[in-house]
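# Breakdown of the fold
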Amino acid sequence: MSLPDLSLDQWRSLDLPSARRIAQETADLVEGHVTSVETIEHLGAPLHRVRIQRDGWEFALIPDGAVTLGFDLDTWQPTPEQTADFARSLEQGFGYGPDLRAHLAQILSPRRNVTLATVLMAVEAENLSEPPADMPAVLAARGLRMPSSDEWEHACEAAADTLFRWGDECPLDRIPYGDNTAPQNQLNAFGLRIAHDTYDAELTSDVTAVYGGDGGESVCGGYGSLLAWPPLVTANRNPAMAELVYSPDGEDLYEAFSIRPVTTL
């Protein structure tokens, strides 16, 4: 099978020796070397994690194909605890709309079907070294590019259809900062450290979206426990943050944002 056309379903059907062979083929293609191949349990079935090092950076193999992205609010039901916590935030003047569903509808990407090619994506995001408009050229000089918004969402959720990459619920007895035991601090299914720090905010090639964080606004703004967590929601495009970073007011703030470089196979 062709590496760019390797789908997630095909990848999950392979045994470990076959996964190791493809990992080595991929590393040879990008002039890197395989650092690890492991198998984990994900969504009730095995999933192989591959890491490849290239020019001192570690990348994870992200098998793609035909995938469904975005979050389906019509089939989602908040827990009573989430509803009550959001209601307390509304009383303090925070939140969009009359309830949690309305709030999320304004910040999440729509449900959609897309077809993506398999790529290598950086395990860790890196801070911007130049303004966003200049980063494509900076990355191209390294043989890399920015991910699309579709690629970022797929890499984060790894086919999970839950609100967060780990499930539909988040701890309401803490904010997502300073607690290493919280679920966001675990590597995701593909082995990425992603959507783990609300102080981080990742840009993609889509200028209308910022993913994975909001620069810390939610955890230090007094919004309430639940509203500190949505920046880590996989499909949260964070439109207000995107508008800021690409506006004249955001010209001097680019070093506070990050990117997750991609290698096209």
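From a predicted model like this one, the values you see are computed outputs, not experimental measurements.

Right, let's get into the packing of aromatic side chains. All chains considered together, the criterion is met by seven aromatic pairs. Measuring from ring centre to ring centre gives 4.6 Å for Trp152 and Tyr211, while their planes differ by 15°; the resulting arrangement is stacked. Highlighted residues: Trp152 in helix 6 (residues 149–157) and Tyr211 in strand 9 (residues 210–211), separated in sequence by 59 residues. Overall, the relative accessible area of 0% leaves Tyr211 in the buried class. Ring centres 6.4 Å apart and planes at 85° place the aromatic pair Phe164 and Trp229 in the edge-to-face group. One end of the pair, Phe164, is in the loop between helix 6 and strand 8 (202–203); the other, Trp229, is in the loop between helix 7 (217–220) and helix 8 (239–245), with 65 residues separating them in the sequence. A residue is classified by how much of its surface remains accessible, and Phe164, at 2% relative accessible area, is buried. Assessed through its relative accessible area of 0%, Trp229 is described here as buried. Among the aromatic residues, ring-to-ring pairing joins Phe164, Trp166 and Trp229 into one connected group.

Right, let's get into the sheet that holds strand 11 (residues 262–264). Taken together, five strands build an open sheet; the order of strands is 1-2-3-6-11 and the sheet is antiparallel. The open sheet terminates on both sides in strands that have one partner only, identified here as strand 1 (33–42) and strand 11. Going across the sheet, the axis of each strand differs from the next one's by a mean of 30°, ignoring polarity. The pairing of strand 2 (residues 45–54) with strand 3 (residues 57–62) spans four bridges and is antiparallel. The residue of strand 3 that forms the bridge with Ile52 is Phe59. On top of the sheet, helix 2 (residues 16–29) reaches strand 1, strand 2, strand 3 and strand 6 (119–122); it is set at about 140° to strand 1, its chief contact. Its contacts with the sheet put helix 6 on strand 1, strand 3 and strand 6, and the angle it makes with strand 6 is roughly 80°.

Quick look at the side chain of Arg260 now. Along the chain, the position of Arg260 falls in the loop between strand 10 (258–259) and strand 11. From its side chain, Arg260 meets the backbone oxygen of Arg193 in a polar contact 2.8 Å long. Only 2.7 Å separates the side chain of Arg260 from the side chain of Glu202, close enough to count as a polar contact. Sequence-distant contacts of Arg260, that is, excluding residues within four places in its chain, are made with Met121, Ala122, Val123, Glu124, Ala125, Arg145, Pro147, Trp152, Leu192, Arg193, Ile194 and Glu202.

Where strand 1 meets strand 2, nine bridges bridge the pair, whose relative direction is antiparallel. Considered in strand 2, the bridge of Glu38 is made with Arg49. Here strand 1 folds back onto strand 2, and the loop between the two strands holds two residues, one of which, Leu43, carries a positive phi near 55°. The hairpin turn running from strand 2 into strand 3, its antiparallel successor, is two residues long, and Asp55 in that turn takes a positive phi close to 55°.

Another point: the sheet that holds strand 10. Taken together, the four strands give an open sheet; going across it, the order is 7-10-8-9, and neighbouring strands pair in mixed fashion. The sheet is open, and its two edges are formed by strand 7 (126–127) and strand 9, each paired on a single side.

With 14 residues, helix 2 extends 20 Å from end C-alpha to end C-alpha; this agrees with the ideal 20 Å at 1.5 Å per step. The set of residues buried in helix 2 consists of Ala19, Ile22, Ala23, Thr26 and Ala27. Each buried residue of helix 2 sits inside an arc of 140° when the element is viewed along its axis, so together they form one side. Exposed positions of helix 2 whose direction lies more than 90 degrees from the buried face are Pro17 and Asp28. Buried-residue contacts for helix 2 involve helix 1 (8–13), strand 1, strand 2, strand 3 and strand 6. One or two positions beyond helix 2, positive phi appears at Glu31, with a value near 60°.

Procedures and definitions
- Residues numbered from 1 in each chain as written.
- Predicted model: local features only at pLDDT ≥ 70, side-chain atom pairs only at ≥ 80, totals over all residues.
- Heavy atoms only, no water.
- Phe/Tyr/Trp six-rings, centres within 6.5 Å; stacked < 30°, edge-to-face > 60°.
- Helix = DSSP H or I, 4+ residues; strand = E, 2+ residues; numbered from the N terminus.
- Buried < 20%, exposed > 50% of the residue type's maximum accessible area, 1.4 Å probe, protein only.
- Pairing = 2+ DSSP bridges.
- Axes fitted to C-alpha atoms, helices over the stretch in contact; angles between N-to-C directions.
- Contact = heavy atoms within 4.5 Å.
- Polar contact = N/O pair within 3.5 Å; in protein donor to acceptor, adjacent residues only side chain to side chain.
- Expected span 1.5 Å × (residues − 1).
- Arc of directions from axis to C-beta.

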